[in-house]
Amino acid sequence: MSKTNRSFLRIGIVLLIIIGMTGGSLAVYDTFFKEESIYALSRVGSTGSEVRSIQNKLKSLGYYKGAVDGIYGTQTKNAVIAFQRNCGITVDGIAGPQTLLYLGLGGSSSSTGTGKYTAQEVNLLAKVISAEARGESYEGQVAVGAVVLNRVAHPSFPDSISGVVYQNGAFSCVYDSNWYQPVADSAKRAAQDAINGWDPSGGALYYYNPAKTSNAWMLSRKVIKVIGSHRFCI
């Protein structure tokens, strides 16, 4: 018996036991499959819409050069490995829950707000990203958003996005002409990805451009990641 057939046999046995214990409830049967789908992993051999989403995201980030065909082959696996290595997460070539989260594909998002953040806060985060990281790579834009969220979660900073953004002296863009420029579409997507859990900065609380910063205190911070023209530090 093949490995696939054995897997289906095990699932069938479990379902029979569950249905027997619940008086043949189809609702339980339906819930079982819904829950199973949540924990599905995309790996070599997988096909479908989730694989296409993974390929599209990796392509937009520059990790994947192949066709977006919904087939999880060697190229897709190698791209996932490169992404995982860069993010500092488990490197196994499998797009599991953590990898999907870092890709911005594992959490819920909405144009009217995400999770504990209101639509206004999401828009504010996008505005900061657009003003601070205009011209940076998409990964660099997400990293700037992640720094804001890392501060929100840190006890040394205000506990809201608006509090962090408007903290005195925190972000120079709030006081210059960039603040009034239209928010880039990529910044809006980057804000959602950061909120969904992707942190390319590796947990940084600060960042700076060495070509534009002479502040001795900032330059003394420990750099943990370099993305484009920004140095991310703690």
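Everything that follows concerns the structure shown earlier in this document.
Below, the structure is looked at part by part.

What counts as what
Residues numbered from 1 in each chain as written. Predicted model: local features only at pLDDT ≥ 70, side-chain atom pairs only at ≥ 80, totals over all residues. Heavy atoms only, no water. Phe/Tyr/Trp six-rings, centres within 6.5 Å; stacked < 30°, edge-to-face > 60°. Helix = DSSP H or I, 4+ residues; strand = E, 2+ residues; numbered from the N terminus. Buried < 20%, exposed > 50% of the residue type's maximum accessible area, 1.4 Å probe, protein only. Lys NZ or Arg CZ within 6 Å of the ring centre and 35° of its normal. Expected span 1.5 Å × (residues − 1). Core = buried A, V, L, I, M, F, W, Y, C linked by side-chain atoms within 4.5 Å. Contact = heavy atoms within 4.5 Å. Salt bridge = Lys/Arg side-chain N within 4 Å of Asp/Glu carboxyl O. Pairing = 2+ DSSP bridges. Axes fitted to C-alpha atoms, helices over the stretch in contact; angles between N-to-C directions.

1. Comments concerning the packing of aromatic side chains
In step 1: The final tally for this structure, using the stated rule, is eight aromatic pairs.
In step 2: Ring centres 5.6 Å apart and planes at 55 degrees place the aromatic pair F83 and W198 in the tilted group. Linking F83 in helix 4 (residues 74–87) with W198 in the loop between helix 9 (185–196) and strand 3 (206–208), this pair joins segments that are 115 residues apart in sequence. An identical accessibility class is assigned to F83 and W198; each is buried.
In step 3: Between Y206 and W217 the ring centres are 5.2 Å apart and the planes differ by 85 degrees, which places this aromatic pair in the edge-to-face class. With a gap of eleven residues between them, Y206 in strand 3 and W217 in helix 10 (residues 216–219) connect regions that are remote in the sequence.
In step 4: Residue W217 is classed as partly exposed on the basis of its relative accessible area, which comes to 44%.
In step 5: Among the aromatic side chains, those forming a connected cluster through ring pairs are Y63, F83, Y138 and W198.
In step 6: Its end group placed over the ring of W179, K127 keeps NZ or CZ at 5.1 Å from the ring centre.

2. Re helix 9
In step 1: The end-to-end C-alpha distance of helix 9, which contains twelve residues, comes to 17 Å, matching closely the 16 Å that a straight helix rising 1.5 Å per residue would cover.
In step 2: Most of helix 9 is tucked away: nine of the twelve residues are buried.
In step 3: All of the buried residues in helix 9 are S186, A187, A190, A191, Q192, D193, A194, I195 and N196.
In step 4: The first or second residue beyond helix 9 is G197, which carries a positive phi of 120 degrees.

3. Digging into the nonpolar core
In step 1: Counting residues in hydrophobic clusters, the biggest one holds 55 residues, and the most contacted among them are L58 and I161.
In step 2: With eight residues, the single largest contributor to this core is helix 7 (residues 138–153).
In step 3: Excluding residues within four positions of it along the chain, L58 makes contact with Y63, Y64, T76, A79, V80, F83 and L103.

4. Side note on the pattern of salt bridges
In step 1: Under the criterion given, the structure shown has two salt bridges.
In step 2: The partner of D193 in a salt bridge is K57, with the nearest N and O atoms 2.8 Å apart. One end of the pair, D193, is in helix 9; the other, K57, is in helix 3 (residues 49–60), with 136 residues separating them in the sequence. Judged on exposure class, the residue D193 and its partner K57 are both buried.

5. So, the sheet that holds strand 5 (residues 230–233)
In step 1: Taken in spatial order, the three strands make up an open sheet running 3-5-4, and their pairing is antiparallel. Of all the strands in the sheet, just strand 3 and strand 4 (223–227) have a single pairing partner and so form its edges. Going from strand to strand, the sheet's axes swing by 25 degrees on average, the running direction of each strand aside.
In step 2: Two strands pair when backbone bridges link them, and strand 4 and strand 5 are joined in this way by four bridges, in the antiparallel orientation. Across the sheet, the residue bridging to V223 is C233, located in strand 5.
In step 3: Across the sheet, helix 7 is in contact with strand 3, strand 4 and strand 5; its angle to strand 5 comes to roughly 30 degrees.

6. With respect to the environment of I227
In step 1: Tracing the backbone through its elements, the reader meets I227 in strand 4.
In step 2: Given a relative accessible area of 5%, I227 falls into the buried group.
In step 3: Taking the C-alpha atoms as reference points, I227 and E136, 91 residues apart in sequence, are found 8.4 Å from one another.
In step 4: Ignoring any residue separated from it by four or fewer positions in sequence, one finds I227 in contact with E136, S137, E139, G140, A143, P200 and F232.

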